[in-house]
Amino acid sequence: MQLPKPIKVSPIVDENPIFENGKEDQPLSPMSRLFHEPESNLYIVVMIGFKSKINPDFVKANLGHSLLKHHRFSSLQVEDEKIKGGLKWVPTKVNLDNHVIVPNLEPKSIDSADKFVEDYVSNLSKTGIKMSKQPMWDLHLLNIKTSDAESVAVLRVHHSLGDGTSLVSLFLSCTRKVSNPEELPSNSIPPTSKEGDSRSYGVKGFWPYFFFKYFWFVFSLFYNTLVDAVMVIATILMFVKDSETPLKGIVGKASGPRRIVHRSLSLDDFKFVKNAMNTVRNKREQHMLFLFIYLYIIRRTINDAVVAVTQAGLSRYLNRKYGELLLVNKGASERNNNLPKNIRLRAAIMKDLRSSSEVQELADIVKNGYKTKSGNKIGFVIFPFSIALRDDPLDYLREAKARMDRKKASLEAEFSYLLSQYTVKFGIKGANCPSKTTLLFSNVNGPQEEISFYGHPIAYVAPSCYGQTNGLTIHFVSYANKMTFILSVDDDLIPDPHQLRDDLEESLHLMKNAVIARGLTKSNASDYKY
């Protein structure tokens, strides 16, 4: 792939950003203000590997006509005199030379490029961006060849500018398909079926049974939501705590420097395990009204196979760590069961609450103004991981599916979103529930085809974050035919993130081998959507 030709540009200043509802000096939403609280002062870090060297001038020239059109990327956050403790967006002139950082690197003097990039990102996690001085984002372009890319870009954005979905949507609007440089990436989220299409969902049948099933679903939804809401409040009040493990950070303690590592695996392997265990639901078994509620609640939730691999990997890692604490030799510590009984290890799983829309519509944010609301609209689900050694690796998948099915029939994420808004609005401190769990967890569906960023073909996308008090954060993101998982760990708490990364990879291989050994392979596994 030919490198884009250099373009001579002067410092770019955008004086006409697009504002929501056409208004300037908009106050920050409660969710955006939440990300300025001490326990949740988060920065999103996205590492992007490219298949070619980066042309910094070309990137800056295009950013001025795309990214800066988003008002949050061209506004300061200053104190709002009208709202006590509030902040507001104030437009400013943006000089891209202050936001696009291009270090002068000498590759010959660098022993390990992968280690250099890790250390570079780790050093970024020790710093922040002053919100009153400049918009809270920057882009670091590293023209250094690593084991999986010819160059790397590191985009750092404060979480108050938007959640994962809004930022990914904006990022995708700046990309194009490699196969067709004029075309935007296609949406990776399956479209919602049209209401009233009774032919596809088997509405015909015994109507009393249909109404009973619908009533039971509504009752279960209400009951599960009530139980989950009580658990969220109990976690906030510290009535329910996670077990102290080598992965558990100290609640309220500021996080130390973060070490962020990633690995890309075959997306087909995840599909293979998931589909062979019949975890893909048959939509024809759903009735029309049941389907409408079902799709609204769980259409964009975590994949069972991803959760199962994480459960298995964490169990392997903790078993080894407890074996070391018991002074057992390394080989024996991996073979024996060294885990304490009844470990409570929970994750706050982030869930986007927006309805799905086409990437083309999201691109119109930059081109024609706002057609969808940006910002932060995320809730969370408290998910209990099962930490144990299993003789059958597929038991992790069965447990993950059962627990995810239970969580999917709940409005816990919607409740947590509203609770977070009101706690910030009324100034209630210490109500950040995710910081009281052992880890943060998310799973994002990325583009299904290879894409390029301003003419630079992308090898991988690895989003993560820092600033959280949780000792461990795990992100999974799919891109083309790969699934990349990213670990963000507190360097002082988890000194060996590469071992944990290897344990997650090995867990996937064990599950795949177990499926093959049992002859559970589906010949049409590739026909299923992830």
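- Labelled according to an unreviewed UniProt entry, the protein chain appears under the name Diacylglycerol O-acyltransferase, originating from Citrus sinensis.

**A short note on the sheet that holds strand 4 (residues 100-101)**
Next up, step 1: Taken in spatial order, the seven strands of this open sheet run 4-5-6-1-13-12-7, and their pairing is mixed. Two strands in the sheet have a free side with no partner beyond their single neighbour: strand 4 and strand 7 (175-177).
Next up, step 2: The pairing of strand 5 (residues 137-142) with strand 6 (residues 151-158) spans six bridges and is classified as antiparallel. When the sheet's bridge partners are listed, Leu141 is paired in strand 6 with Ala153.

**Notes on the sheet that holds strand 14 (residues 472-479)**
Next up, step 1: The strand order 8-15-14-11-9-10 describes an open sheet built from six strands, whose pairing is mixed. Edge positions in the sheet fall to strand 8 (258-266) and strand 10 (378-385), since each has one partner strand and no second. Taken pair by pair, the neighbouring strands of this sheet meet at an average axis angle of 20°, ignoring direction.
Next up, step 2: Those strands touched by helix 8 (residues 304-325) are strand 9 (345-352), strand 10, strand 11 (439-445), strand 14 and strand 15 (482-490), and its axis lies near 50° from that of strand 10.

**Considerations on the packing of helix 8 against helix 13 (residues 497-517)**
Each packed pair of helices is defined by two parameters, the angle between the axes and the distance between the axes.
Next up, step 1: Their axes nearest at 8 Å, the elements helix 8 and helix 13 cross at an angle of 125°. Taken together, the axis directions place helix 8 and helix 13 in an arrangement best described as oblique. Classified by chirality, the crossing of helix 13 by helix 8 is right-handed. Taken together, the residues of helix 13 that come into contact with helix 8 (itself represented by Ala308, Val309, Ala312, Gly313, Leu314, Arg316, Tyr317 and Arg320) are Gln499, Leu500, Asp503, Leu504, Glu506, Ser507, Leu508, Leu510 and Met511.

**Regarding a nonpolar patch on the surface**
Next up, step 1: A cluster of nonpolar side chains, Phe215, Trp216, Phe219, Tyr223 and Val227, forms an exposed patch at the surface whose accessible area comes to about 550 Å².
Next up, step 2: In this fold, Val227 is placed in helix 5 (residues 207-236).
Next up, step 3: A relative accessible area of 35% means that Val227 is categorised as partly exposed.

**Quick look at the nonpolar core**
Next up, step 1: Among the nonpolar cores identified, the biggest contains 60 residues, and Leu63, Trp137, Phe453 and Ile458 are the most heavily contacted of them.
Next up, step 2: Sorting elements by how many residues they give to this core places strand 1 (residues 43-50) first, with seven residues.
Next up, step 3: With 47 residues, the next largest nonpolar core counts Met404, Leu472, Phe476 and Met483 among its residues.

**A look at the side chain of Ser420**
Next up, step 1: Inspection of the secondary structure assignment puts Ser420 in helix 12 (residues 412-425).
Next up, step 2: Sequence-distant contacts of Ser420, that is, excluding residues within four places in its chain, are made with Met31, Leu34 and Phe380.

**Side note on the pattern of salt bridges**
Between side chains of opposite charge, pairing is possible as soon as their charged atoms come close.
Next up, step 1: Applying the stated criterion across every chain, the model contains 27 salt bridges.
Next up, step 2: Among the ionic pairs, Asp228 bridges to Arg406, the shortest N-O distance being 2.9 Å. With a gap of 178 residues between them, Asp228 in helix 5 and Arg406 in helix 11 (residues 394-408) connect regions that are remote in the sequence.
Next up, step 3: Using a relative accessible area of 4% as the deciding quantity, one classes Asp228 as buried.
Next up, step 4: A residue is classified by how much of its surface remains accessible, and Arg406, at 29% relative accessible area, is partly exposed.
Next up, step 5: A salt bridge links Asp392 to Arg518, with the shortest nitrogen-to-oxygen separation between them at 3.0 Å. With Asp392 in the loop between strand 10 and helix 11 and Arg518 in the segment after helix 13, this residue pair connects regions lying 126 residues apart in the sequence.

Cut-offs used in this document
- Residues numbered from 1 in each chain as written.
- Predicted model: local features only at pLDDT ≥ 70, side-chain atom pairs only at ≥ 80, totals over all residues.
- Heavy atoms only, no water.
- Pairing = 2+ DSSP bridges.
- Helix = DSSP H or I, 4+ residues; strand = E, 2+ residues; numbered from the N terminus.
- Axes fitted to C-alpha atoms, helices over the stretch in contact; angles between N-to-C directions.
- Contact = heavy atoms within 4.5 Å.
- Parallel < 35°, antiparallel > 145°, perpendicular 65-115°, else oblique.
- Left-handed = near helix turned anticlockwise from the far one by under 90°.
- Patch = residues over 30% accessible without salt bridge, like charges linked within 9 Å, V, L, I, M, F, W, Y side chains within 5 Å.
- Areas by Shrake-Rupley, 256 points an atom, 1.4 Å probe, with all protein chains shown as cover.
- Salt bridge = Lys/Arg side-chain N within 4 Å of Asp/Glu carboxyl O.
- Buried < 20%, exposed > 50% of the residue type's maximum accessible area, 1.4 Å probe, protein only.
- Core = buried A, V, L, I, M, F, W, Y, C linked by side-chain atoms within 4.5 Å.

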